[in-house]
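# A look at the structure
The chain contents come next:
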Amino acid sequence: MSEALKRERCAAAICELAHEVGAARLTVSLVTSRSGISRSTFYALFAGFDAATDHALNLSRGKLIEPIEDAVRTVAPWEEQVRSLLGALTGAALADPFAAELCLVHGPALLEMPTGPYDRDVVQAVAGGIKETAPASDGSPPLLAELCAYGAVSMVSQCLVDSRLDDLADLHNPVAEMIIRLYEEGVASSRQGCS
């Protein structure tokens, strides 16, 4: 088995085990047992346990962000872009729910991030997609895209925590509609305040 495949198996084991026992209870012994590699191989692959969890988080983050970035690159009216963006987020979470859970639910705790409960890079990818695809002179209030992104990521995270994958599958359209409505109301309020 190649070194890359062993590292990938360790990352998958970390994702699965975080779901099963929680991030706080992850150990090298659990990861090596689940991934089928020896302890010495684990330490040949990674400088330590933190390096292994960092590797798993980076892979998980990529699995969520890449589809979002792909959705942003498509050309469509803004409302369709928002739906596509949220569909990409929920689709990526459904494609590998353990990786999504590691990134969105357990990741900040593993990294001891003081900034909040969600992976900042994923939130920024969603917020960036909302802002980037919005009409050029929409007059949207500052931080509205970030607030909408936090709301969307929060809902996805809650479905993952509660193991409600059926709800997650149906989530992107209602969340997209909520974001579109909030964005339109925020723009209207902003314009009224300027008159």
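So, here is what we can say about the structure in this document. (Residues numbered from 1 in each chain as written. Predicted model: local features only at pLDDT ≥ 70, side-chain atom pairs only at ≥ 80, totals over all residues. Heavy atoms only, no water.)

## A word on the overall build of the protein chain
Broken down by element type, the protein chain carries 10 helices and zero strands. Along the protein chain, helices and strands appear, N-terminal first, in the series α-α-α-α-α-α-α-α-α-α. Taken over 195 residues, the protein chain has a buried fraction of 43%. A sequence separation of at least 24 residues applies to 66% of the contacts in the protein chain between residues at least 6 apart. Summed over its atoms, the accessible surface of the protein chain is roughly 9,600 Å², and 53% of this surface lies on carbon and sulfur atoms. (Helix = DSSP H or I, 4+ residues; strand = E, 2+ residues; numbered from the N terminus. Buried < 20%, exposed > 50% of the residue type's maximum accessible area, 1.4 Å probe, protein only. Contact = heavy atoms within 4.5 Å. Areas by Shrake-Rupley, 256 points an atom, 1.4 Å probe, with all protein chains shown as cover.)

## Focus: the layout of surface pockets
In this model, the largest pocket occupies a volume close to 180 Å³. Contributing elements (two or more residues each) for the lining of the largest pocket: α1 (3–21), α4 (49–73) and α6 (97–110). Ranked by the residues each element gives to the lining of the largest pocket, the list is headed by α1, at five residues. (1 Å grid on protein atoms, 1.4 Å probe; cavity = no way out; pocket = protein on both sides within 12 Å on 5 of 7 lines; lining within 4 Å. Points joined across faces, edges and corners; volume = space filled by probe spheres on them.)

## Some words on the packing of aromatic side chains
Counted by the stated rule, this structure contains two aromatic pairs. When the ring of F42 is compared with that of Y43, the centres are 5.2 Å apart and the planes differ by 85°; the resulting orientation is edge-to-face. When its relative accessible area of 39% is taken as the criterion, Y43 is described as partly exposed. Centroid distance F42 to F46: 5.4 Å. Interplanar angle 50°. Geometry classified as tilted. Chaining the aromatic ring pairs together yields one cluster made of F42, Y43 and F46. (Phe/Tyr/Trp six-rings, centres within 6.5 Å; stacked < 30°, edge-to-face > 60°.)

## Examining the environment of P67
Following the sequence through the fold, P67 ends up in helix α4. Residue P67 is classed as partly exposed on the basis of its relative accessible area of 25%. Placed 24 residues apart in sequence, P67 and G91 show a C-alpha to C-alpha distance of 8.4 Å. Not counting residues within four places of it along the chain, the set of residues in contact with P67 comprises G62, A88 and A92.

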